[in-house]
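Examining the three-dimensional arrangement
For reference, the chains in residue letters:
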Amino acid sequence: MNPGLSLDRIGQALAAFYDDLVAEGVPEHLAALVRQVKPSASDAHTLEVPPGTAGLHKSGRLALIVEDEAATRALAESLFEPTDLDAVGCDSAEAALDILRERGADVALVFADVRLAGAMDGLQLAKAVSTLWPRCRMVVTSGRAIARPGDLPSEAVFIPKPWSPHELLVEAERAVEPKPILP
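In this text the structure is predicted, and so the values were computed from the model without any measurement.

With respect to the packing of helix H4 (residues 93-103) against helix H5 (residues 122-132)
The description of two helices packed together rests on the angle between their axes and the distance between the axes. Relative to each other, H4 and H5 sit at 15°, their axes nearing to 10 Å. Accordingly, the angle class assigned to the pair H4 and H5 is roughly parallel. The handedness of the crossing between H4 and H5 is right-handed. Contact residues: Ala93, Ala96, Leu97 and Leu100 in H4; Leu125, Ala128 and Val129 in H5. The residue inventory of the contact of H4 with H5, partitioned by class, reads seven nonpolar, no polar and no charged.

Description of helix H3 (residues 70-79)
Within H3, nine of the ten residues are buried, leaving the element largely enclosed by the surrounding structure. Along H3, the residues that are buried comprise Ala70, Thr72, Arg73, Ala74, Leu75, Ala76, Glu77, Ser78 and Leu79.

Quick word on the confidence of the model for the protein
Scored by pLDDT, the protein comes out at a mean of 76, with 63% of its residues at no less than 70. Counting interchain partners and residues more than four positions distant, the pLDDT-below-50 stretch residues 1-5 has twelve contacts. Note on residues 33-57: pLDDT under 50 across the span, and 35 contacts to partners over four residues away in sequence or across chains.

Regarding the sheet that holds strand S3 (residues 107-113)
Judged by pairing direction, the sheet is parallel, and its five strands sit side by side in the order S2-S1-S3-S4-S5 without closing on themselves. Edge positions in the sheet fall to strand S2 (85-90) and strand S5 (157-160), since each of these pairs with one other strand and no more. Across the sheet, the axes of successive neighbouring strands diverge by a mean angle of 20°, strand direction being ignored. Direction of pairing for strand S1 (residues 61-66) relative to S2: parallel, over a ladder of six bridges.

Concerning the pattern of salt bridges
Applying the stated criterion across every chain yields a total of seven salt bridges. Of the charged contacts in the structure, one is a salt bridge between arginine 103 and aspartate 106, with a shortest N-O distance of 3.0 Å. As a salt-bridge pair, arginine 174 and glutamate 171 come within 3.1 Å of each other at their nearest N and O atoms. Of the two residues, arginine 174 and glutamate 171 are both situated in helix H6 (residues 165-176); the distance of three residues between them amounts to about one turn of the helix. Using a relative accessible area of 5% as the deciding quantity, one classes glutamate 171 as buried. Salt bridges sharing partners connect three or more residues here, namely Glu67, Asp113 and Lys161.

What to know about the packing of aromatic side chains
Considering all chains together, one arrives at one aromatic pair under this definition. With 5.6 Å between their ring centres and 80° between their planes, phenylalanine 111 and tryptophan 163 make a pair best called edge-to-face. With phenylalanine 111 in strand S3 and tryptophan 163 in the loop between S5 and H6, this residue pair connects regions lying 52 residues apart in the sequence. Grouping residues by exposure puts phenylalanine 111 and tryptophan 163 together as buried.

Some words on the side chain of aspartate 113
Summarising the element assignment, aspartate 113 is placed in strand S3. According to the relative accessible area criterion, aspartate 113 is buried, its value standing at 8%. Polar side-chain contacts of aspartate 113 include one of 3.0 Å to the side chain of lysine 161. Apart from the residues within four sequence positions on either side, aspartate 113 is in contact with Val66, Glu67, Gly122, Thr141, Ser142 and Lys161.

Rules behind the numbers
Residues numbered from 1 in each chain as written. Predicted model: local features only at pLDDT ≥ 70, side-chain atom pairs only at ≥ 80, totals over all residues. Heavy atoms only, no water. Axes fitted to C-alpha atoms, helices over the stretch in contact; angles between N-to-C directions. Helix = DSSP H or I, 4+ residues; strand = E, 2+ residues; numbered from the N terminus. Parallel < 35°, antiparallel > 145°, perpendicular 65-115°, else oblique. Left-handed = near helix turned anticlockwise from the far one by under 90°. Contact = heavy atoms within 4.5 Å. Nonpolar A, V, L, I, M, F, W, Y, C, P; charged D, E, K, R; others polar. Buried < 20%, exposed > 50% of the residue type's maximum accessible area, 1.4 Å probe, protein only. pLDDT = per-residue confidence, 0-100. Pairing = 2+ DSSP bridges. Salt bridge = Lys/Arg side-chain N within 4 Å of Asp/Glu carboxyl O. Phe/Tyr/Trp six-rings, centres within 6.5 Å; stacked < 30°, edge-to-face > 60°. Polar contact = N/O pair within 3.5 Å; in protein donor to acceptor, adjacent residues only side chain to side chain.

Printed below as a string of structure tokens:
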């Protein structure tokens, strides 16, 4: 999580987002996922662990959240807390590629915005991931009014903004299912 964002600000944003989700008809048990914020080591003594999450075993696999807007990235990271994936936030495609080079075999999912800080955009990142790490699930999002970008690799999934927590959780579930190895 971005150290410049306080947990209070993130919590307030998540609470407002939760209220919007419930108002839109999202079931409360799914909307409640946005209220879960991973505490930092310094905040661990002041935050309670959500009931039923103590001792959850993570798979050691990663979900890279590639988004240059800190609040959106923090929200997406928090949505992965109840999954088997450890969320790692990146503000650029270049930062994501550094992690992929180091731990590519552990990355199950890359969730990236089309517009990113840095030289590469999300579509270029999607092409690199589909070529170099084909077993990794690639999900691209954009707030632009497009059905699906034409430059997006056929293996990649496109989710338009605003995405719902349910959509991300479905993609996390799909990412932990092993892809078949094609000849």
